[in-house]
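A structural walkthrough
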Amino acid sequence: MNKEMLQQVMTAPKKIVFRKVPVPEIGDDQVLVKIMKIGVCGSDIHVYHGTHPFTSYPVTQGHELSAKVVKTGKNVTGFTEGQKVTIEPQVYCGTCYPCTHGKYNLCEKLKVMGFQTTGTASEYFAVDASKVTPLPENLTYNEGAMIEPLAVTVHAAKRFTELKGAKVAILGCGPIGILLAQSCKALGADQVMITDISDYRLELAKRCGADFTVNTKEKDFGEAMVEYFGEDKADVVYDCAGNDITMGQAIKYARKGSTIILVAVFGKLATVDLAVLNDHELDLNTTMMYRHEDYVDAIRLVSEGKIQLKPLMSSHFAFKDYLKAYEYIDANRETTMKVLIDVDESEE
């Protein structure tokens, strides 16, 4: 194996260079993987535009990925050379209250690869074996690179503990909204309604299994809930858009005593009607990333054919064309779902 590799570095907003660095040595409890595919997500785009509040430059990106095992440390068991894997990108302390109570996704000192610590955008990557999750052979490397965002939505879906048989409304029809709609259905929801102002995105959601799609430029959210779910409306409303308008719709029209779950990240301080939230005794809940069991469930649901990832794959770019991928996303905002970087172009 060549002892040098290429590594992507974003040196400043909208500036990417590639540098040759040594292939990393691994410790006794680590795995060396060959990176195959990397997904670009909304948070990466914030870094590209210089608007991510918790990322400084230079930074090597990459936190949604698939890979192939190259070498294992002497203490590592359960992995074989050539095995398909993905990586869970959270770096947590293991000693704070959330970590010691099973909620390491809320670690008081949480860092995420590609944002506060080195990401996977390189030809090879050394990582603790505890963060490596096997992928079944029937998943493609392209699908493997989408397990991370799917785990986000699996975790979000589970935040409503009465999902089985539920009527679900989702505001926002981007990649996370569509993956959440599929996750809710796969985990037992009876019916899912999803909203957006883009007919293109709504049609894609319909293809991926949403029962009802609503363009809220043309139809009132509250009226749509009554039309499709009846007077009792939805059991839970998920906000995947993250702005005052969508959260305002959720609070105004949710059934009294029901639940709203905020999935999206607000880009600024929110201005919402907490008086109505209070008066209607609504539960406003939130969701943050995922834990290992969410990865396991996400992989299982794709492997069983209960969640479709391929319809959300918008475009592919070669590793050295990382910058072009961002330019493409900026130029095609409405129609772009998931852009994949082909670090290794030999396999899908």
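Read on for a plain summary of the structure.

Attention shifts here to the pattern of salt bridges. Under the criterion given, the structure shown has 16 salt bridges. The shortest N-O distance in the salt bridge between K185 and D211 comes to 2.8 Å. Of this pair, K185 sits in helix α5 (residues 175-186) while D211 sits in the loop between α6 (199-207) and β12 (212-215), and the two are 26 residues apart along the sequence. By relative accessible area, D211 is classed as partly exposed at 23%. Put simply, K158, D294, D297, R300, E304 and K306 are held in one network by salt bridges that share partners.

Burial analysis of strand β17 (residues 338-342) places five of its five residues in the buried class, which makes it a mostly covered element. Side-chain alternation along β17 places K338, L340 and D342 on one buried face and V339 and I341 on a second face that is also buried. Bridging between strand β3 (residues 30-40) and β17 involves four bridges; their strand directions are antiparallel. Looking at the pairing, I38 lines up with I341 of β17.

A separate point is a negative patch on the surface. Taken together, D199, E203, E218 and E334 make up a surface patch of like negative charges. Tracing the sequence through the fold places E218 in the loop between β12 and α7 (221-229). For E218, a relative accessible area of 65% translates into the label exposed.

With respect to the element layout, D273 can be found in the loop between β14 (259-262) and α9 (274-279). For D273, a relative accessible area of 41% translates into the label partly exposed. Taking the C-alpha atoms as reference points, D273 and M247, 26 residues apart in sequence, are found 9.0 Å from one another. There is a polar contact of 3.2 Å between the side chain of D273 and the backbone nitrogen of A275.

This brings us to the environment of N75. Positionally, N75 belongs in the loop between β4 (64-72) and β5 (84-87). As a C-alpha pair, N75 and A129 span 54 residues in sequence and 9.4 Å in three-dimensional space. Apart from residues lying up to four places away in sequence, N75 is in contact with D28 and D29.

The next thing to look at is the environment of Y238. With respect to the secondary-structure elements, Y238 resides in strand β13 (residues 236-239). In this structure the C-alpha to C-alpha distance between Y238 and R255, which are 17 residues apart in sequence, comes to 13 Å. If sequence neighbours within four positions are ignored, Y238 has contacts with A156, A157, F160, L163, V168, A169, I170, L171, L180, C184, I261 and V263.

Glancing now at unusual backbone geometry. Y57 connects to P58 through a cis peptide bond whose omega is 0°. Structurally, the position occupied by P58 is in the loop between α1 (42-49) and β4. A positive phi is found at E281, a non-glycine position, where the angle reads about 45°. With respect to the helices and strands, E281 occurs in the loop between α9 and β15 (283-286). On the basis of relative accessible area, E281 is assigned to the exposed category, the value being 64%.

As a further point, take the packing of α1 against helix α11 (residues 322-331). Direction vectors running N to C along α1 and α11 enclose 100°, while the axes themselves pass 11 Å from each other. Judged by the angle between their axes, α1 and α11 are roughly perpendicular. Residue-level contacts link D44, I45, Y48 and H49 of α1 to L323, Y326, E327, I329 and D330 of α11. Of the residues contributing to the contact of α1 with α11, the split by class is five nonpolar, one polar and three charged.

What counts and what doesn't
Residues numbered from 1 in each chain as written. Predicted model: local features only at pLDDT ≥ 70, side-chain atom pairs only at ≥ 80, totals over all residues. Heavy atoms only, no water. Salt bridge = Lys/Arg side-chain N within 4 Å of Asp/Glu carboxyl O. Helix = DSSP H or I, 4+ residues; strand = E, 2+ residues; numbered from the N terminus. Buried < 20%, exposed > 50% of the residue type's maximum accessible area, 1.4 Å probe, protein only. Pairing = 2+ DSSP bridges. Patch = residues over 30% accessible without salt bridge, like charges linked within 9 Å, V, L, I, M, F, W, Y side chains within 5 Å. Areas by Shrake-Rupley, 256 points an atom, 1.4 Å probe, with all protein chains shown as cover. Lys, Arg positive; Asp, Glu negative; His and termini not counted. Charge placed at Lys NZ, Arg CZ, Asp CG, Glu CD. Polar contact = N/O pair within 3.5 Å; in protein donor to acceptor, adjacent residues only side chain to side chain. Contact = heavy atoms within 4.5 Å. Axes fitted to C-alpha atoms, helices over the stretch in contact; angles between N-to-C directions. Parallel < 35°, antiparallel > 145°, perpendicular 65-115°, else oblique. Nonpolar A, V, L, I, M, F, W, Y, C, P; charged D, E, K, R; others polar.

All quantities given are derived from atomic positions and should not be read as evidence of function.
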